[in-house]
Amino acid sequence: MSKEQITKLLEDITKNPSEWTSNRDAVIGRYELTDAEQTALRSGDDSALISMGVDERLVKRKRFH
C-alpha cells in the first residue's frame, strides 16, 4: 500500500481541483498506487481509502465526484 502517495495526491488535488476534475487518469498516473487504490480514488470511495489507512480528515476534506 502507498498511503504516502495517496496523501500526496489528495493534497495536490486540494491545491488544484480543476486538474482532478478534467483528467483523473493523468493525476493518478503521477503516483505509485496499487490497482485497489486507483479504483478507490477514481470512484470516490471514501470508506475504502480510510480502510487503507488514509487520514479520514484528508479524505473528507476533498470531494471526488
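Coordinates for the structure precede this section.
Presented here is a report on the structure given in the accompanying data block.

What counts as what
Residues numbered from 1 in each chain as written. Predicted model: local features only at pLDDT ≥ 70, side-chain atom pairs only at ≥ 80, totals over all residues. Heavy atoms only, no water. Core = buried A, V, L, I, M, F, W, Y, C linked by side-chain atoms within 4.5 Å. Buried < 20%, exposed > 50% of the residue type's maximum accessible area, 1.4 Å probe, protein only. Helix = DSSP H or I, 4+ residues; strand = E, 2+ residues; numbered from the N terminus. Contact = heavy atoms within 4.5 Å. Polar contact = N/O pair within 3.5 Å; in protein donor to acceptor, adjacent residues only side chain to side chain.

## A closer look at the nonpolar core
Ranked by size, the top nonpolar core spans 17 residues in total, and within it I6, L9, L10, W20, L33, L41 and L49 carry the most contacts. Looking at this core, the elements with two or more residues in it are helix 1 (3-15), helix 3 (24-29), helix 4 (35-43), helix 5 (46-51) and helix 6 (56-61). For this core, the leading source of residues is helix 1, giving four residues. Not counting chain neighbours up to four residues away, the residues in contact with L33 comprise S2, Q5, I6, L9, I28, Q38 and L41.

## As for the side chain of Q38
Take Q38: it is sitting in helix 4. The class for Q38 is buried, based on a relative accessible area of 19%. There is a polar contact of 3.1 Å between the side chain of Q38 and the backbone oxygen of L33. The residues contacting Q38, other than those within four sequence positions of it, are I28 and L33.

## Structural notes on the side chain of Q5
Note on placement: Q5 falls in helix 1. A polar side-chain atom of Q5 sits 3.1 Å from the main-chain amide nitrogen of E32.

## A few points about the environment of R42
With respect to the helices, strands and loops of the structure, R42 is situated in helix 4. A residue is classified by how much of its surface remains accessible, and R42, at 35% relative accessible area, is partly exposed.

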